[in-house]
Amino acid sequence: MNDILPIRRALISVSDKTGLLEHAAALVELGAAIVSTGGTRKAIADAGLKVADVSAVTGFPEMMDGRVKTLHPKVHGGLLALRDNPEHARALAEHGIEAFDVLYVNLYPFEATVARGAGFKECIENIDIGGPAMIRAAAKNYGFIAVATDAEDMNAILAEARETGGTTLALRKRLAAKAFARTGAYDAAISSWYAEQLDDAAPAYFALGGRLKQPLRYGENPHQTAAFYVTGEKRFGVATATQLQGKELSYNNLNDTDAAFELIAEFDPKESPAVAIIKHANPCGVALGGSLVEAYKRALECDPVSAFGGIVALNQRLDKAAAEAIAEIFTEVVIAPEADDDAVAVFAKKKNLRLLVTGGLPDPTAPGIAIKTISGGFLSQTRDIGRITRADLKIVTKKQPTETQIRDMLFAFTVCKHVKSNAIVYAKNGQTAGIGAGQMNRRDSARIAALRAKEAAETAKLPASLAQGSACASDAFFPFPDGLLQAVEAGATCVIQPGGSIRDEDVIKAAYDEDRELALEQAKDMVAGGAGQQDGLGSEA
């Protein structure tokens, strides 16, 4: 096995023909003979370059609508033969098989076909068979063949050939590793799509693949390595974003920004401007407003201390007024579907601030998969697309809550969905008043949320806590009355929570024993509270 091998013969078959003619011309200039297939051969020939049709090599025409063209011993023998193996050399000579030194194949665009919403049959027809077979064969035989799966690989091969007269073993190994990863990711996309078509939530084998978008400086901590991969899922967010300015995004930036944008997408931009401020993947302020700048100021009011160095997500096109308000304090990242030129100009003065535009909002109701690694494996679950509306709620007291209270409860619970458990959110008039996240018990989350609401009021020089007259949302049921009573003490007049606790009745009764204006209602598995009715207590857990 020689370290540097000259390029005498290359096999090319590509769907994406970007740079094809330049690559083919360079190979010819290096003295290589080119064998090609179908449209790739035609493009090379039409450019006046010498190229042999693979059919002339195999002695068989392409058939079955192109499904069968390279699956032949004269192709795979030329890819797999070990040239330093006497038996392999005899087989090549006996059967008139010529070896290849370079294989350049990029695959049928299956991922892109799925992403644009093509039908089942069209997706099936875009599953490449011969391409992955050739790529894997060449990658296995890295000692003698350089395999390219994209234009970047071909550029590396040609650059090295010009410099050294051939390809080095180090390059061939690196390209082989990438080639196996490419076919693995391709197969993962196919198997995931097929499982989705069959509505199979737990297939016998689960493959996950992605394409490197960005190597990261480090991970969650400086001693951890990290990288950002994209899967090809058609979902607006950090994976589709264009960074208009600012420093390189870090692992934590990406994680927090994704959390912020997924939260803000819950609020329809056609109904109201909305802004979320995120710190360490938890919201510290979320609000609606008559304009983006109003929504931002209301979100900031909830917890201006935590907002320092945070992530700001907007559900509408960023305008100049909102940009000027955001620029008043240190902000790590701003993400929006789009941005006006004058808003971009405002941020240009803040060179370290990262501004991302995504082209749209993610659909909060679209199905998907969420994955978490654990020791020795990973957990897979469907994306949380649960949404509660007014129609879902069932009152368990005789007196109905007001429409304002219902809106506040639904707003609070929507935010609560994106807060780390144990999670408590106080909200009023489309604005979070206090958020308690990630505590080991629900009572402490309620206390922290109340403290935030009190401190925010003091900062704004308001006479009473922001939680006074608020709705309280809990991401899970109160297992004991203490958490609910803490919310009542903070000033909440209605509560929404998932029901199902064996102590639901105790929690409901405790609220009335305190002689508070609180009623509870239940929606499917939801419990919510309205104002001022002390009879008709009931819960259907």
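Keep in mind that this is a model prediction, so the values were computed, not measured. Residue positions are given per chain, counting from 1 as you read along its sequence in written order. Whole-chain, interface and lining totals are the exception, using all residues; otherwise, since this is a predicted model, local features are given only for residues with pLDDT of at least 70 and side-chain atom pairs are given and counted only at 80 or more. As a rule here, side-chain values come from all non-hydrogen atoms in the structure, and water together with hydrogens is ignored.

*Asks:* Explain the sheet that holds strand β5 (residues 102-106) to me, using residue names and the numbers behind them.
*Replies:* For two strands to be treated as a pair, DSSP must find no fewer than two bridges joining them. Secondary structure is summarised from DSSP: a helix means a run of H or I of at least four residues, a strand means a run of E of at least two, and numbering begins at the N terminus for each. Strands sit in the order β4-β3-β2-β5-β6 across an open sheet of 5 strands; the sheet is parallel. The open sheet has two free edges, formed respectively by β4 (52-53) and β6 (146-148), since each of these has just one partner strand. In this structure, strand β2 (residues 9-14) lies alongside β5, joined through 5 bridges in parallel fashion. Each bridged residue has a counterpart across the sheet, and for V14 the counterpart in β5 is N106.

*Asks:* Account for the sheet that holds strand β10 (residues 242-245), naming residues and giving values.
*Replies:* The mixed open sheet is built from 6 strands, whose spatial order is β10-β15-β14-β13-β11-β12. Of all strands in the sheet, those with a lone pairing partner are β10 and β12 (282-288), marking the two edges. Strand-to-strand twist in this sheet, taken as the mean axis angle between neighbours without regard to direction, amounts to 20 degrees. By the bridge criterion, 4 bridges tie strand β11 (residues 274-279) to strand β13 (residues 310-314) in an arrangement that is antiparallel. Looking at β13, one finds that I278 is bridged to I311. The axes are straight lines fitted to the C-alpha atoms, using for helices just the contacting stretch, and the angles between their N-to-C directions are given from 0 to 180°.

*Asks:* Explain the nonpolar core to me, and be specific about the residues and the numbers.
*Replies:* Grouping buried Ala, Val, Leu, Ile, Met, Phe, Trp, Tyr and Cys residues that are joined through side-chain atoms within 4.5 Å yields what is termed a nonpolar core. Relative accessible area decides the class of each residue, using a 1.4 Å probe on protein chains only: under 20% of the type maximum gives buried, over 50% gives exposed, and in between gives partly exposed. Membership of the largest hydrophobic core comes to 51 residues, with the highest contact counts inside it found for L27, L79, L103 and I157. When sequence neighbours within four positions are dropped, the list of residues in contact with L79 reads F100, L103, M134, A137, A138, N141 and I145. F228, L410, V415 and I496 belong to the second largest nonpolar core, which has 39 residues in total. Residue contacts are defined here by distance: any two heavy atoms, one from each residue, within 4.5 Å place the two residues in contact.

*Asks:* Lay out a nonpolar patch on the surface in plain terms, naming residues and giving numbers.
*Replies:* Together, F206, L208, I369, I371 and F378 make up a nonpolar patch on the protein surface, roughly 450 Å² of accessible area in all. Among the structural elements, I369 can be located in strand β16 (residues 369-374). Residues forming no salt bridge and having over 30% relative accessible area are the ones grouped into patches, like charges within 9 Å of each other and nonpolar side chains (Val, Leu, Ile, Met, Phe, Trp, Tyr) within 5 Å. All accessible areas in this document rest on Shrake-Rupley with a 1.4 Å probe, and a residue is counted as covered only by the protein chains that are shown. Here a salt bridge means any side-chain nitrogen of Lys or Arg lying within 4 Å of a carboxyl oxygen belonging to Asp or Glu.

*Asks:* Lay out the side chain of T58 in plain terms, naming residues and giving numbers.
*Replies:* The topology assignment puts T58 in helix α3 (residues 54-58). Take T58: its relative accessible area is 7%, and that puts it in the buried class. If near-sequence neighbours (up to four positions away) are discounted, T58 is found in contact with K69, H72 and V75.

*Asks:* Would you mind going over the packing of helix α9 (residues 151-164) against helix α10 (residues 169-197) in detail, with residue names and values included?
*Replies:* Direction vectors running N to C along α9 and α10 enclose 170 degrees, while the axes themselves pass 11 Å from each other. Compared by their axis directions, α9 and α10 come out roughly antiparallel. Touching E152, D153, A156, I157 and E160 of α9 are L171, R174, L175 and K178, all from α10. Basically, the charged four are Asp, Glu, Lys and Arg, the nonpolar ten are Ala, Val, Leu, Ile, Met, Phe, Trp, Tyr, Cys and Pro, and anything else, Gly included, counts as polar. For the contact of α9 with α10, a count of residues per class yields 4 nonpolar, no polar and 5 charged. An angle below 35 degrees is read as roughly parallel, one above 145 as roughly antiparallel, one from 65 to 115 as roughly perpendicular, and any other as oblique.

*Asks:* Residue-level account of the state of the cysteines, with values.
*Replies:* Every disulfide links exactly two cysteines, by a covalent bond between their sulfur atoms. Only a pair of cysteine sulfur atoms within 2.5 Å qualifies as a disulfide here. Tallied over the full model, the rule gives 0 disulfides. With no disulfide of its own, C302 has C284 as its nearest cysteine by sulfur position, at a separation of 7.4 Å. You can see C472 has no disulfide; the closest cysteine sulfur is in C416, sitting 7.9 Å from it. Among the residues examined, C472 registers a relative accessible area of 0% and is labelled buried.

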